[in-house]
Amino acid sequence: SLMCRFFMNNILYRAFYTRGGLWLQTASGYGPDKLDGTVKEMIKSSYGDYTISYVNQLDLPRNKTIYLVEVQDEKSIKKIRVADDEMDVIQEFEKN
């Protein structure tokens, strides 16, 4: 596959294409201030005591978007996947 890196609105994007030029996905990462409001509300409703620290966003064909949101409190860090109005914890670490 081919990758194109570019900046837009101070966010680094990486777009992936097949050798034939068909778009596969675009990945980006940013801080909590740029997170979609609806997604932010979903996270806060279940993890209100946690602070959102970073977001990885995957844009896929057919207008599908997956958010990988890192949240943390004093004791732990969680990575939460948000897609299709559903949310699940995919990684969890205890802080030392």
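Preceding block: the structure.
Definitions and limits used
Residues numbered from 1 in each chain as written. Predicted model: local features only at pLDDT ≥ 70, side-chain atom pairs only at ≥ 80, totals over all residues. Heavy atoms only, no water. Helix = DSSP H or I, 4+ residues; strand = E, 2+ residues; numbered from the N terminus. Contact = heavy atoms within 4.5 Å. Polar contact = N/O pair within 3.5 Å; in protein donor to acceptor, adjacent residues only side chain to side chain. Buried < 20%, exposed > 50% of the residue type's maximum accessible area, 1.4 Å probe, protein only. Pairing = 2+ DSSP bridges. Salt bridge = Lys/Arg side-chain N within 4 Å of Asp/Glu carboxyl O.

Trainee: Which residues make up the environment of Ser53, and what values do they have?
Mentor: If you trace the backbone, Ser53 turns up in strand β4 (residues 51-60). Once the C-alpha coordinates of Ser53 and Ile77 are considered, the two residues, 24 residues apart in sequence, prove to be 9.4 Å apart. Ignoring anything within four residues of it in the chain, the contact list for Ser53 reads Pro32, Glu70, Val71 and Gln72. Within the structure, Ser53 has its side chain in polar contact with the side chain of Gln72 (distance 3.3 Å).

Trainee: Quick rundown of the pairing of strand β6 (residues 76-83)? Include the residues and the values.
Mentor: For β6, a buried count of six out of eight residues is recorded, marking the element as mostly surrounded by other parts of the structure. One ladder, built from seven bridges, connects strand β5 (residues 64-72) with β6; its direction is antiparallel. Bridged to Leu68 within β6 is Arg81. Counting the residues that bridge the hairpin from β5 to β6 gives three residues. Relative to strand β7 (residues 86-94), β6 runs antiparallel, the two being bridged by eight bridges. Among the inter-strand pairings, Lys78 is bridged to a residue of β7, identified as Glu92. Counted between consecutive antiparallel strands, the loop separating β6 from β7 contains two residues, among which Asp84 sits at a positive phi close to 50°.

Trainee: Tell me about the environment of Asp85, residues and numbers included.
Mentor: Tracing the backbone shows Asp85 in the loop between β6 and β7. Separated by 47 residues in sequence, Asp85 and Thr38 place their C-alpha atoms 9.3 Å apart.

Trainee: An account of the pattern of salt bridges is needed here, citing residue identities and associated values.
Mentor: On inspection of all chains with the given rule, the structure shows three salt bridges. As a salt-bridge pair, Lys78 and Glu92 come within 2.3 Å of each other at their nearest N and O atoms. One end of the pair, Lys78, is in strand β6; the other, Glu92, is in strand β7, and 14 residues separate them in sequence. The partner of Arg81 in a salt bridge is Asp88, with the nearest N and O atoms 2.7 Å apart. The partly exposed category is assigned to Arg81, whose relative accessible area is 33%. Relative accessible area serves as the criterion here: at 32%, Asp88 is assigned to the partly exposed category.

In short, shape yes, function no, at least from these values alone.
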